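Notes for the structure review
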Amino acid sequence: GENVEQHPSTLSVQEGDSAVIKCTYSDSASNYFPWYKQELGKRPQLIIDIRSNVGEKKDQRIAVTLNKTAKHFSLHITETQPEDSAVYFCAASRNSGGGADGLTFGKGTHLIIQP
Amino acid sequence: DTEVTQTPKHLVMGMTNKKSLKCEQHMGHRAMYWYKQKAKKPPELMFVYSYEKLSINESVPSRFSPECPNSSLLNLHLHALQPEDSALYLCASSPKTTSGSYEQYFGPGTRLTVT
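Predicted model only: the values in this text are computed from it and were never measured.

What follows is about the pattern of salt bridges. Going through the model one piece at a time under the given rule, you end up with six salt bridges over all chains. Measuring nitrogen to oxygen at the nearest pair gives 2.8 Å for the salt bridge that ties Lys57(A) to Asp49(A). Look at Lys57(A) and you get partly exposed, because its relative accessible area is 36%. The closest approach of N and O atoms between Asp85(B) and Arg63(B), which form a salt bridge, is 2.7 Å. Of this pair, Asp85(B) sits in the loop between strand 8 (73–79) and strand 9 (87–94) while Arg63(B) is found in the loop between strand 6 (53–56) and strand 7 (64–70), placing the two residues 22 residues apart along the sequence. Classification of Asp85(B) as buried rests on a relative accessible area of 2%. One network of salt bridges, in which partners are shared, links Lys36(B), Arg63(B) and Asp85(B).

Structure (structure tokens):
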């Protein structure tokens, strides 16, 4: 089955600086890579995703890059703000027409934005 | 309606009880999922219903039993649980993948405590 590794487990950055979280996956058939933000006591919230036919995707201060050859993908957050503090999970899944596999998650990164 | 809803929000049950968790979505999604999340851990996939077809994570004990009465509803029946089953149980749904949409949206979860 799929195995997703995520680093670092904790990341502390100054407000306004950039944050980068990295993940690797093992199953070359995985074709969908979402990122979720989870605040304490709340549900995981999808913040950005990327498919295997795309190398990079950006949404305002958030961007994701994918290297299929190396089987790794990264989340980039620029101009960090206090409300960015949360646990971030990367995930991977293999999807085919007519059905959808579940997500395999990384262990999470606790992002702390220092004021 | 653009949300996944779950009931109850909290549940406390004894090891001999039988209870059910409920999940509902009205977004026309054809795939629904159950995940289990322990404290400070990532969600772990338990079951997938995709186009009314069930896929099981073989590591899930038989004391958990999913049911999909229709494409909008997903239940998780619980029987003879153990204290280590205490966790946040998350439901998620995903659009029809024939449209190329793989995003999974999570409900708020049911916080289960087994005494």
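At the interface, 22 residues of chain A touch 25 residues of chain B. Together chain A and chain B conceal approximately 1800 Å² of surface at their shared face, both sides included; 56% is due to carbon and sulfur atoms. On inspection of chain A and its partner chain B, the count reaches one salt bridge. At the surface where chain A touches chain B, the tally comes to four residue pairs in polar contact (both at pLDDT 80 or more). Those elements giving two or more residues to the side of chain A that touches chain B turn out to be strand 4 (32–38), strand 5 (45–51), strand 10 (95–96) and strand 11 (99–100) of chain A. Residue classes in the side of chain A that touches chain B are distributed as eight nonpolar, nine polar and five charged.

The next point concerns the side chain of Asn31(A). With respect to the element layout, Asn31(A) can be found in the loop between strand 3 (19–25) and strand 4. A residue is classified by how much of its surface remains accessible, and Asn31(A), at 16% relative accessible area, is buried. Among residues more than four places away in sequence, those in contact with Asn31(A) are Ile50(A), Arg51(A), Ser52(A), Ser93(A), Arg94(A), Asn95(A) and Tyr102(B).

Criteria and thresholds
Residues numbered from 1 in each chain as written. Chains lettered and ligands numbered in written order. Predicted model: local features only at pLDDT ≥ 70, side-chain atom pairs only at ≥ 80, totals over all residues. Heavy atoms only, no water. Salt bridge = Lys/Arg side-chain N within 4 Å of Asp/Glu carboxyl O. Buried < 20%, exposed > 50% of the residue type's maximum accessible area, 1.4 Å probe, protein only. Helix = DSSP H or I, 4+ residues; strand = E, 2+ residues; numbered from the N terminus. Contact = heavy atoms within 4.5 Å. Buried area = accessible area lost by both parts, 1.4 Å probe. Polar contact = N/O pair within 3.5 Å; in protein donor to acceptor, adjacent residues only side chain to side chain. Nonpolar A, V, L, I, M, F, W, Y, C, P; charged D, E, K, R; others polar.

All quantities given are derived from atomic positions and should not be read as evidence of function.
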